Amino acid sequence: MIALIRGTVYRRLDSAVIVLVGDIGYEVRVVDPTMFEVGEEVELRTYHVVKEDRQELYGFVEQLDYEVFADLVEHVPGVGAKTALNLLRAVPASRLIEAVREQ
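This one's a predicted model, so the numbers in the text were calculated from it and none came from an experiment. (Residues numbered from 1 in each chain as written. Predicted model: local features only at pLDDT ≥ 70, side-chain atom pairs only at ≥ 80, totals over all residues. Heavy atoms only, no water.)

Chemist: Explanation requested: the side chain of glutamate 56 in the structure shown.
Modeler: Take glutamate 56: it is sitting in strand 5 (residues 55–60). Judged by relative accessible area, which is 7%, glutamate 56 ranks as buried. Reaching out from glutamate 56, the side chain makes a polar contact with the side chain of arginine 54 at a distance of 3.0 Å. Ignoring any residue separated from it by four or fewer positions in sequence, one finds glutamate 56 in contact with Arg29, Tyr47, His48, Val49 and Lys82. (Helix = DSSP H or I, 4+ residues; strand = E, 2+ residues; numbered from the N terminus. Buried < 20%, exposed > 50% of the residue type's maximum accessible area, 1.4 Å probe, protein only. Polar contact = N/O pair within 3.5 Å; in protein donor to acceptor, adjacent residues only side chain to side chain. Contact = heavy atoms within 4.5 Å.)

The structure is reproduced here in structure tokens:
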């Protein structure tokens with residue numbers, strides 16, 4: 001399990017950043033890639049998804065975003081990692097918490 005990644009932003013993509021750690025570049029899906037600058041040092045709490053045909057890393061600067069993402073993926077039926085990330089892109093984590101409490 002990859003739980004944390006610390007390195008330099010090598011490239012921004014549409015929905016992810018590539019973080020260079022030593023000589024290895026990790027593609028990490030993030031809420032907002034535009035908040036990162038190429039060359040910037042970053043530390044991201046990561047959620048590692050392993051599937052039969054691929055592995056994906058989802059990274060979060062804020063602990064609350066990570067916790068809400070993990071709760072959505074692990075406890076809400078039908079919500080996978082991509083859907084949870086899209087929810088966080090559309091609605092702040094604090095609002096998602098309120099929505100879940102209100103059902």
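Chemist: Would you explain the sheet that holds strand 3 (residues 24–29) in this entry?
Modeler: The strands making up a sheet are joined through hydrogen bonds of the backbone, oriented either antiparallel or parallel. Strand order in the closed barrel formed by five strands is 1-2-3-5-4, with mixed pairing between adjacent strands. Strand-to-strand, the axes of this sheet are offset by a mean angle of 55 degrees, without reference to chain direction. Direction of pairing for strand 1 (residues 4–12) relative to strand 2 (residues 16–21): antiparallel, over a ladder of four bridges. Among the inter-strand pairings, arginine 12 is bridged to a residue of strand 2, identified as valine 17. Contacts from helix 2 (residues 81–90) reach strand 3, strand 4 (41–50) and strand 5 within the one sheet, and its direction differs from that of strand 5 by about 20 degrees. (Pairing = 2+ DSSP bridges. Axes fitted to C-alpha atoms, helices over the stretch in contact; angles between N-to-C directions.)

Chemist: Would you mind showing me how to read helix 1 (residues 63–75) here?
Modeler: Since the α-helix turns once every 3.6 residues, residues separated by three or four places project in the same direction. The terminal C-alpha atoms of helix 1 lie 18 Å apart, and with 13 residues this matches the ideal 18 Å at 1.5 Å per residue to within 8%. Tyr66, Val68, Phe69, Ala70 and Leu72 are the residues of helix 1 that are buried. The secondary structure elements touched by the buried residues of helix 1 are strand 4, strand 5, helix 2 and helix 3 (93–102). (Expected span 1.5 Å × (residues − 1).)

Chemist: Any chance you could explain the nonpolar core here in plain terms?
Modeler: Burial of nonpolar side chains together is a common tendency in soluble globular proteins. Residues Tyr47, Tyr58, Phe60, Val68, Phe69, Leu72 and Leu88 are the most contacted members of the largest nonpolar core, which totals 16 residues. Broken down by element, the residue count for this core peaks at five residues, all from helix 1. Counting 10 residues, the second largest nonpolar core, distinct from the first, contains Ile5, Val17, Val28 and Phe36. (Core = buried A, V, L, I, M, F, W, Y, C linked by side-chain atoms within 4.5 Å.)

This is a description of form; function is not addressed.
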